[in-house]
Amino acid sequence: MKRILVTGGAGFIGSNFIHYILKGYFNIELLVNLDLVTYAGNLENLSSVEGDSRYIFVKGDVRDRKLVQKLFSEYEFDTVVHFAAESHVDRSVVEPEIFLTTNIIGTQTLLDVAKSYWKIEPDNKYSREFKSGVKYLQVSTDEVYGALGTTGMFTELTPLSPNSPYSASKAGADMIVRAYHETYGLPVNITRCSNNYGPYQFPEKLIPLMIHNCLENRPLPVYGDGMQVRDWLYVEDHCSAICAVLERGTAGEVYNIGGNNEKANIQIVRLLLHSLGKGEELITYVKDRPGHDRRYAIDNSKITSQLGWKPAYSFEQGMEQTIRWYLDHQKWMERVTSGAYQSYYQRMYGK
Ligand SMILES: NC(=O)c1ccc[n+]([C@@H]2O[C@H](COP(=O)([O-])OP(=O)(O)OC[C@H]3O[C@@H](n4cnc5c(N)ncnc54)[C@H](O)[C@@H]3O)[C@@H](O)[C@H]2O)c1
C-alpha cells in the first residue's frame, strides 16, 4: 500500500495522474496533493475525487520547508511524484525568476525533506541506507536537452543544453535530483517526457489554445513559420509511464518518455481546424518567440525495452479523445479563460 505525495496535482498532468492512479493502478493507502493553485492549478479538475477517503488536498508551496516537513511527519509518505512547476516557456521568457525559485528551490526542498525522513541514520553523513520501498520521482521534460536539427533523437545520454529559462530551470532541478542520488544515495528517478496533450490542459498551451480560439472564431496565433517540431504523447500514456518507472525503474536512472509522434505545430493547427470544421483563414502568423527550439524528438527505447512500457493511444486516437473532451467541457474552458487569462493573452499574442 503506497502513501504518495503528489505535488502540482491541480495542474494538467498532475490532475490526470491523480485520476489515473486512484482508479486502481496502485494499491493506494493515501494520496496527498500539495499544490499552490497558481493560475495553472484548477481544483475543479479534481472535483470527482474529492469524496475519495484516500485523497487529501493541501494548498501550499513546495518551497515551504516547514509545511513539507509537517506533511512528511503527519502522513509518512513512501513515494513522492513531483509535478509542481512553473511550466510555460512563454511566461519564462518574460518572468524568469519565479521559474528558478519554484522549479529549482522547490525541488531541492522536497529532496532534502525526503532525505531526512527516509534515511535510516539521518545524522550519519556517510550512511547511504534508506527505508525500503521509498522513491522520489522527478517529472522532467525533453526540453532540457535543447534543440535538434532535422535528424536525430534525444537519448538519456544526450548532454543537457537547455535554451529557455523554463528548460534551464528544469535542467537545474534534474541536476539537483541527480546530486542527491550520487551524494546521499537517495532512491530517485527522473522522467523526461515529450509534449503532452489531453483533458484539463490550461489553454495557454498549443492544443487547447487553438481549440478555444477555433470555437470562438478567433485568429489562431502561430509562431514564426509554424515548423517547430515536437513529439506528442497523450497524457494518460505519460501517467502510465510514470507508474512503470515508480514500480520498476532502477534507482538513479533517467527514463525518456515519448510517443514517436513528431508533428510540426502548423500540422497540429491544420488538423484542429479540419476536425472542428473551420477554415485556414483563421491562421495568423506572429513573430517567433526568442530562443524557440526548432525540433525535439525522443528515443523511448530505454523505457520500452527495460520497463516494458509502451503508449496505449495512437496520435489519432489521443487527438480524437482530446478534441471531444474540450467540446464536451466548454463551460470548463469558459471558466478558466475568464479574468486574468484575458490580460495574459493580450500580453503574449496581442499586437
Ligand atoms: N505539459 C507538458 O507537455 C509537459 C511535458 C513534459 C514534462 N512536463 C512537466 O510536468 C510537470 C507538470 O506539467 P503541467 O503541464 O501539468 O503543468 P501545469 O502548469 O499545468 O501545472 C503545474 C501545477 O503546479 C502548481 N504549482 C506551481 N507552483 C507551485 C508551487 N510553488 N508549489 C506548489 N504547487 C505549485 C500549479 O498550481 C499547477 O497546479 C511540470 O514539472 C512540467 O515541467 C510537462
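So, how was this worked out
- Residues numbered from 1 in each chain as written.
- Predicted model: local features only at pLDDT ≥ 70, side-chain atom pairs only at ≥ 80, totals over all residues.
- Heavy atoms only, no water.
- Helix = DSSP H or I, 4+ residues; strand = E, 2+ residues; numbered from the N terminus.
- Expected span 1.5 Å × (residues − 1).
- Buried < 20%, exposed > 50% of the residue type's maximum accessible area, 1.4 Å probe, protein only.
- Contact = heavy atoms within 4.5 Å.
- Pairing = 2+ DSSP bridges.
- Axes fitted to C-alpha atoms, helices over the stretch in contact; angles between N-to-C directions.
- Near = heavy atom within 4 Å.
- Polar contact = N/O pair within 3.5 Å; in protein donor to acceptor, adjacent residues only side chain to side chain.
- Areas by Shrake-Rupley, 256 points an atom, 1.4 Å probe, with all protein chains shown as cover.
- Nonpolar A, V, L, I, M, F, W, Y, C, P; charged D, E, K, R; others polar.

## Topic: helix H5 (residues 165-184)
1) Next: Its 20 residues place the ends of H5 28 Å apart at the C-alpha level, agreeing with the 28 Å of an ideal helix rising 1.5 Å per residue.
2) Next: Buried within H5 we find Tyr 166, Ser 167, Ser 169, Lys 170, Ala 171, Ala 173, Asp 174, Val 177, Tyr 180 and His 181.
3) Next: Where H5 is buried, its residues touch helix H3 (89-94), helix H4 (96-118), strand S5 (135-141) and strand S6 (188-193).
4) Next: Count one or two residues on from H5 and you reach Gly 185, which has phi positive near 80 degrees.

## Here we look at the sheet that holds strand S7 (residues 195-197)
1) Next: The sheet built from 3 strands is open, its strands ordered S7-S9-S11 with mixed pairing. Since the sheet does not close on itself, it has two edges, and those belong to S7 and strand S11 (262-264), each with one partner. Averaged over all pairs of adjacent strands, the angle between strand axes in this sheet comes to 50 degrees, irrespective of strand direction.
2) Next: Inspection of the sheet shows S7 paired to strand S9 (residues 229-234) by 3 bridges, in the parallel sense. Bridged to Asn 195 within S9 is Trp 232.

## Concerning the site of the ligand
1) Next: In the vicinity of the ligand, 30 residues are found, and the nearest of them are Ile 13, Asp 35, Ser 87, Tyr 166 and Lys 170.
2) Next: A distance of 3.0 Å separates a nitrogen atom of the ligand from a polar backbone atom of Val 62.
3) Next: Look at the ligand: alone it shows 840 Å² of surface, and the protein chains cover 97% of it.
4) Next: Elements represented by at least two residues in the shell around the ligand include exactly helix H1 (12-25), S5, H5 and S7.
5) Next: Of all the elements, S5 adds the most residues to the shell around the ligand, at 3 residues.
6) Next: Its residues assigned to classes, the shell around the ligand shows 13 nonpolar, 12 polar and 5 charged.

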